[in-house]
Amino acid sequence: MIFAAIADIHGNYAALDAVLRDIERLGIPDIVNLGDCFSGPLEAGRTADALVGRNIPTVRGNHDRALIDRPFEIMGDWEKPAHIQLSSDHFDWLQALPFDLVFKDVAYCCHGSPKDDLEYWLETLLPEGVLHQRPLAEIEALADGIQQPLMLCGHTHIARTVQLSDGRLIVNPGSVGCPGWKDDEPFYHQVEAGHPLASYAVLEETPQGWQVYFRQVRYDSGAMGELARANGMPGLGKAIATGWLG
């Protein structure tokens, strides 16, 4: 068995298109999507057109939820430019997304953690504003009750694999469309991938167990960075174009 995992597209249609083409070129038949699909100052509508109707199993990320659980007037800077590009069919698709799902009996899938779409499962936030790998005991506590050999999450945009004490794997495939971001809650912190490539993961079942392949695909990130700058988010534009915020 082999399949691909994507996450955190954030309306970056060009990155998504490059990833989908790469998956097709590899002959991988199945994809699972870990959420945060449209929010951001890029091409939410075009991205939605590419996803809705493809029947890709998808969980609802925190930014997906923020597009449907509050009035437009109080939406954040990431949601407002996406919201105005989406159609009623796109919103119906978002409304139907589950918090989590089990993919083909082998992979538990969520966006943040099994408890909260805003929680970092594999990382912990240090007071100096750095995401650091979470202690294994805490990671395993969040996995309590999950039986599948694979667990997949997104949210941090950091490609990472953690092996649990029993040999099972938790995998974050990284971000398709947003290699750098910052947040002021609960205090300022940021993530920089250090590259602008579109990231995803391939999961393959082998006689030795599940094998993880992280893939990073080139596309015209400069054009998408320029679009973010033109739409009023220059810091995010630099991150998309270069992988760095500063």
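See the structure printed just above.
Attention in this report is confined to the structure presented alongside it. (Residues numbered from 1 in each chain as written. Predicted model: local features only at pLDDT ≥ 70, side-chain atom pairs only at ≥ 80, totals over all residues. Heavy atoms only, no water.)

**Structural notes on the pairing of strand β10 (residues 180-183)**
Consideration 1: Judged from the four bridges that link them, β10 and strand β11 (residues 189-192) form a sheet pairing that is antiparallel. Its bridge partner lying in β11, Trp-181 is registered against Val-191.
Consideration 2: Once β10 ends, the chain turns through five residues before running back antiparallel as β11. (Pairing = 2+ DSSP bridges. Helix = DSSP H or I, 4+ residues; strand = E, 2+ residues; numbered from the N terminus.)

**Quick notes on the pairing of strand β13 (residues 209-217)**
Consideration 1: Across nine bridges, strand β12 (residues 198-206) lies against β13 in antiparallel orientation. Among the inter-strand pairings, Ala-201 is bridged to a residue of β13, identified as Phe-214.
Consideration 2: The turn joining β12 and β13, which pair antiparallel and follow one another in sequence, is formed by two residues.

**Section: the pattern of salt bridges**
Consideration 1: In the structure shown here, the tally under the stated rule is twelve salt bridges.
Consideration 2: Here Arg-229 makes a salt bridge to Glu-226, at a shortest N to O gap of 3.1 Å. One end of the pair, Arg-229, and the other, Glu-226, are both in helix α7 (residues 221-230), three residues apart, so they sit about a helical turn from each other.
Consideration 3: Relative accessible area serves as the criterion here: at 32%, Arg-229 is assigned to the partly exposed category.
Consideration 4: Connected through salt bridges with shared partners, the residues Arg-65, Asp-69, Arg-70 and Asp-117 form a single ionic network. (Salt bridge = Lys/Arg side-chain N within 4 Å of Asp/Glu carboxyl O. Buried < 20%, exposed > 50% of the residue type's maximum accessible area, 1.4 Å probe, protein only.)

**Here's the deal with helix α8 (residues 234-242)**
Consideration 1: Within α8, the full set of buried residues consists of Leu-236, Gly-237, Ala-239 and Ile-240. Looking down the long axis of α8, one finds its buried residues gathered within 160° of arc, a one-sided arrangement.
Consideration 2: The first or second residue beyond α8 is Gly-243, which carries a positive phi of 90°. (Arc of directions from axis to C-beta.)

**As for helix α2 (residues 44-51)**
Residues that lie three or four places apart on an α-helix share one face, since the helix turns once every 3.6 residues.
Consideration 1: α2 sits mainly inside the fold: six of its eight residues count as buried.
Consideration 2: Where α2 is concerned, the buried positions are Ala-44, Gly-45, Thr-47, Ala-48, Ala-50 and Leu-51.
Consideration 3: In this fold, the buried residues of α2 make contact with α1 (13-26), β2 (31-33), α4 (80-83) and α5 (88-96).
Consideration 4: Just downstream of α2, Gly-53 is the residue with a positive phi angle, here 100°. (Contact = heavy atoms within 4.5 Å.)

**As for the state of the cysteines**
Consideration 1: Within this structure, the stated rule accounts for zero disulfides.
Consideration 2: Its sulfur unpaired, Cys-109 is 8.0 Å from the next cysteine sulfur, which belongs to Cys-110.
Consideration 3: Judged by relative accessible area, Cys-109 falls into the buried class, the value being 0%.
Consideration 4: We note that Cys-110 lacks a disulfide partner, and the nearest cysteine sulfur, in Cys-153, lies 5.7 Å from it.
Consideration 5: The exposure class of Cys-110 is buried, given its relative accessible area of 0%. (Disulfide = S-S within 2.5 Å.)

**Thoughts on the packing of α7 against α8**
Consideration 1: At a closest axis distance of 7 Å, the pairing of α7 and α8 adopts a crossing angle of 175°. Judged by the angle between their axes, α7 and α8 are roughly antiparallel. Here α7 contributes Ser-221, Gly-222, Met-224, Gly-225, Ala-228 and Arg-229 to the contact with α8, which in turn contributes Pro-234, Leu-236, Gly-237, Lys-238, Ile-240 and Ala-241.
Consideration 2: The residue makeup of the contact of α7 with α8, split by class, is six nonpolar, four polar and two charged. (Axes fitted to C-alpha atoms, helices over the stretch in contact; angles between N-to-C directions. Parallel < 35°, antiparallel > 145°, perpendicular 65-115°, else oblique. Nonpolar A, V, L, I, M, F, W, Y, C, P; charged D, E, K, R; others polar.)

**Details of the sheet that holds β2**
Strand pairing in a sheet is mediated by backbone hydrogen bonds. Such pairs are either parallel or antiparallel.
Consideration 1: Taken together, four strands build an open sheet; the order of strands is β2-β1-β12-β13 and the sheet is mixed. Each edge of the open sheet is held by one strand with a lone partner, namely β2 and β13. The sheet shows a mean angle of 25° between the axes of neighbouring strands, direction not considered.
Consideration 2: With four bridges joining them, strand β1 (residues 2-6) and β12 adopt antiparallel strand pairing.

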